[in-house]
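Given next are the chains, with one letter for each unit.
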Protein chains: 2
Amino acid sequence: METSQEHLPVSEATFLILLSLAQESRHGYAIMKDVEALSQGRVSLSTGTLYGALSRLLDQRWIERVEDELPEQSSRTRKRYRLSEQGRHVLQAESQRLEQLAAMARLRLAENLS
Amino acid sequence: METSQEHLPVSEATFLILLSLAQESRHGYAIMKDVEALSQGRVSLSTGTLYGALSRLLDQRWIERVEDELPEQSSRTRKRYRLSEQGRHVLQAESQRLEQLAAMARLRLAENLS
DNA sequence: TGCGATATGTCGTATAACGACATATTATGA
DNA sequence: TCATAATATGTCGTTATACGACATATCGCA
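**Some remarks on helix α1 (residues 12-23) of chain B**
Residue and element names in this part refer to chain B.
- Its 12 residues place the ends of α1 17 Å apart at the C-alpha level, agreeing with the 16 Å of an ideal helix rising 1.5 Å per residue.
- Of all the 12 residues making up α1, 11 are buried; the element is thus mostly covered by neighbouring parts of the structure.
- Listed in full, the buried residues belonging to α1 are Glu12, Ala13, Thr14, Phe15, Leu16, Ile17, Leu18, Leu19, Ser20, Leu21 and Ala22.

**Regarding the protein's contact with DNA strand C**
- Around DNA strand C lies a shell of 20 residues, among which Tyr29(A), Thr47(A), Lys79(A), Ser11(B) and Arg56(B) are the nearest.
- Backbone polar atom of Gly28(A) to a phosphate oxygen of DNA strand C: 3.2 Å apart, as the coordinates give it.
- One nitrogen or oxygen atom from the side chain of Lys79(A) is found 2.3 Å from a phosphate oxygen belonging to DNA strand C.
- Those elements that provide at least two residues to the surface near DNA strand C are α2 (28-38) and α3 (47-60) of chain A together with α1 and α3 (47-60) of chain B.
- Examining the composition of the surface near DNA strand C, we find that four residues originate from one element, α3(B), more than from any other.
- Looking at the surface near DNA strand C residue by residue, the class counts come to four nonpolar, 11 polar and five charged.

**Quick word on the relation of the copies chain A and chain B**
- Take chain A, turn it by 180°, move it 0.0 Å along the axis, and it overlays chain B with an RMSD of 0.0 Å. Taken together, the rotation and translation relating the two chain copies correspond to the operation of a two-fold axis. Using C-alpha coordinates, one finds that chain A approaches the rotation axis most closely at Leu98(A), a distance of 3.1 Å.
- When the interface residues of chain A are mapped onto chain B, 100% of them are again interface residues, pointing to one common binding face.

Rules behind the numbers
- Residues numbered from 1 in each chain as written.
- Chains lettered and ligands numbered in written order.
- Predicted model: local features only at pLDDT ≥ 70, side-chain atom pairs only at ≥ 80, totals over all residues.
- Heavy atoms only, no water.
- Helix = DSSP H or I, 4+ residues; strand = E, 2+ residues; numbered from the N terminus.
- Expected span 1.5 Å × (residues − 1).
- Buried < 20%, exposed > 50% of the residue type's maximum accessible area, 1.4 Å probe, protein only.
- Near = heavy atom within 4 Å.
- Polar contact = N/O pair within 3.5 Å; in protein donor to acceptor, adjacent residues only side chain to side chain.
- Nonpolar A, V, L, I, M, F, W, Y, C, P; charged D, E, K, R; others polar.
- Least-squares fit on C-alpha atoms with pLDDT ≥ 70 in both.
- Contact = heavy atoms within 4.5 Å.

As structure tokens, this is what we get:
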């Protein structure tokens, strides 16, 4: 049986992209802007990272293409993506890993306050 | 001014090695075992990862060599390492990054429980 | 008309994790 | 005593991926 945990950890870029799509489906540029806002400006994805990650995530089936409603008017070359079921599982597993890591650090760092 | 945040994120392997050394100075093999225990068996560092990381961490001055007390008796080829001041700063910064990421995920994932 | 924002992509480089391989010592139990 | 497991450190090649630089096109607006 293949569990989501086997794919962890995912990179920060991948995590933030998945997290952005967890809220709603978006196209690449919107993900870029959302990740920047989401991280309070700390993370600015370069286009190399973004589109490379999107293509990888599609291959892995963690995200899926969504056909834009209203394709007639205002049809730019935008491509919309959404999180797949599998992607949501991975995101949840990675979130737990992050929580666990943060909790471990809190404990160990508290031990040594002397 | 160079702040610890500029080096983030650090890899999971690096983070766990630093966290292990935050408790007390250790030699490589002991770090390996501690990381395994610390992560409840989830992370088993390969020696390639471990010794590669240690050598890099020394270069970056995030860790330092410690001369073993009692070098006469029981002197194996063990090399002991400790966390440097800079290393502790990086570890603290990375812990905060992890907390922030985990908190972000908690919020977004809670939004979409419907 | 031109510029900034929106939008997508490729390419080359650098970093680092990882498994496989190599080697040596120490402790233990059959 | 002899083999085996645990302790201990290291190198090498492969692979994954982040990132900056470059390239291109459209849209809205002043």
